Amino acid sequence: MVRFMLGSVGLFLLLGLAGCDSGPKRPEVKPAEGKFTIKGKPYAGVILVFHPSDPAMKDVPMPRATTEADGSYKLTTFAAYDGGMPGEYKVVAMVESVMSPLMMKGSKPPAIPATYQKAETTTLTATIGTAEKNTLPDLNIP
């Protein structure tokens, strides 16, 4: 009886594992980081969203980042700081509302011209390469 139960449990586990599917495979991403400034000055809390320039990539998740006080950022697509898919991107810059809990008390968000807040009009671009770590050229709003 014990042998039957152990065999049944083993068979159940084997069949369960065989039926497991991790779902669709995620696209490979490469770590990428850089620095963002406005008129040469860094700001914390600026949200950067990387929109693929290639129409074939329109359905892939967009890498994004939030800048640190020194203007540095690390891209995230699926997990924290995992990077982005290799390719060319148009970069959109936004800030949280002053009323947002993400804004530090007493801080004033930087003024970002509307041009840089839409993928159709932004002139900020970046290319994520296939290297194991990508340092992107500085992004600056003049």
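Novice: Can you walk me through the overall build of the protein chain in this structure?
Specialist: Scanning the protein chain from terminus to terminus reveals one helix and nine strands. Going residue by residue from the N terminus, the α and β elements of the protein chain occur as α-β-β-β-β-β-β-β-β-β. Going through the 142 residues of the protein chain one by one, you find that 32% of them count as buried. For the protein chain, the computed accessible surface area is about 9400 Å², with 62% contributed by carbon and sulfur atoms.

Novice: Even after reading the chapter, I still don't get the side chain of D82, so can you show me in this structure?
Specialist: Relative to the helices and strands, D82 is located in the loop between strand 5 (72-74) and strand 6 (87-95). The buried charged residue D82 lacks any salt bridge, with R26 as its nearest oppositely charged partner at 5.2 Å. Here the side chain of D82 touches A79 through a polar contact of 3.0 Å, landing on its backbone nitrogen. Sequence-distant contacts of D82, defined by excluding residues within four places in its chain, comprise V29, K30, P31, L75, T76 and T77.

Novice: Any chance you could explain the confidence of the model for the protein chain here in plain terms?
Specialist: Of the residues in the protein chain, 75% reach a pLDDT of 70 or more, and the chain-wide mean stands at 84. Predicted confidence is poor over residues 1-17, with pLDDT under 50, and the contacts of this stretch with residues over four places away or in other chains come to zero contacts.

Novice: Which parts of the structure should I look at to understand the packing of aromatic side chains?
Specialist: A ring pair, where both rings are aromatic, is described by two values, the distance of the centres and the angle of the planes. Counted under the stated rule, the structure contains two aromatic pairs. Taken together, a centroid distance of 6.1 Å and an interplanar angle of 50° make the contact between F50 and Y73 tilted. Taken as a pair, F50 in strand 3 (residues 46-52) and Y73 in strand 5 lie far apart in primary sequence, 23 residues in all. Considered together, F50 and Y73 belong to a single accessibility category, that of buried residues. Geometrically, the ring pair formed by F50 and Y89 is edge-to-face, given 5.9 Å between the ring centres and 65° between the ring planes. Here F50 is found in strand 3, whereas its partner Y89 is found in strand 6, with 39 residues between them in sequence.

Novice: For this particular structure, what's the right way to read the sheet that holds strand 4 (residues 64-66)?
Specialist: Sheets are built from strands that pair by backbone hydrogen bonding, the pairs being arranged parallel or antiparallel. The strand order across the open sheet formed by four strands is 4-3-6-7, and the pairing between neighbours is antiparallel. Bordering the open sheet on either side are strand 4 and strand 7 (125-128), each of which pairs with just one other strand. Strand-to-strand, the axes of this sheet are offset by a mean angle of 30°, without reference to chain direction. Where strand 6 meets strand 7, four bridges bridge the pair, whose relative direction is antiparallel.

Novice: What is the right way to look at the nonpolar core in this model?
Specialist: One broad rule of soluble globular proteins: the nonpolar side chains tend to lie buried together. The biggest cluster of nonpolar side chains holds 23 residues, and the ones touching the most others in it are F36, L48, F50 and Y73. When near neighbours in sequence (up to four residues on either side) are disregarded, F50 contacts M62, P63, Y73, L75, Y89, K90, V91, A126, L136 and L139.

Novice: How should the pattern of salt bridges be read in this particular structure?
Specialist: It is possible for side chains bearing opposite charge to pair when their charged atoms get close. Per the counting criterion, the structure on display carries four salt bridges. A salt bridge links E132 to K30; the shortest N-O distance between them is 2.8 Å. Here K30 lies in the loop between helix 1 (2-19) and strand 1 (32-38) and E132 lies in the loop between strand 7 and strand 8 (134-135), a separation of 102 residues in the sequence. Residue class for K30 comes out buried when judged on its relative accessible area of 8%.

Novice: Teacher, can you tell me more about the environment of P42 here?
Specialist: Among the structural elements, P42 can be located in strand 2 (residues 41-42). Looking at P42, the relative accessible area reads 28%, which means it is partly exposed. Along the chain, P42 and A69 lie 27 residues apart, while their C-alpha atoms are 6.5 Å from each other. Apart from the residues lying within four places of it in its own chain, the contact partners of P42 are F36, T37, A69, D70 and G71.

Cut-offs used in this document
Residues numbered from 1 in each chain as written. Predicted model: local features only at pLDDT ≥ 70, side-chain atom pairs only at ≥ 80, totals over all residues. Heavy atoms only, no water. Helix = DSSP H or I, 4+ residues; strand = E, 2+ residues; numbered from the N terminus. Buried < 20%, exposed > 50% of the residue type's maximum accessible area, 1.4 Å probe, protein only. Areas by Shrake-Rupley, 256 points an atom, 1.4 Å probe, with all protein chains shown as cover. Lys, Arg positive; Asp, Glu negative; His and termini not counted. Salt bridge = Lys/Arg side-chain N within 4 Å of Asp/Glu carboxyl O. Polar contact = N/O pair within 3.5 Å; in protein donor to acceptor, adjacent residues only side chain to side chain. Contact = heavy atoms within 4.5 Å. pLDDT = per-residue confidence, 0-100. Phe/Tyr/Trp six-rings, centres within 6.5 Å; stacked < 30°, edge-to-face > 60°. Pairing = 2+ DSSP bridges. Axes fitted to C-alpha atoms, helices over the stretch in contact; angles between N-to-C directions. Core = buried A, V, L, I, M, F, W, Y, C linked by side-chain atoms within 4.5 Å.

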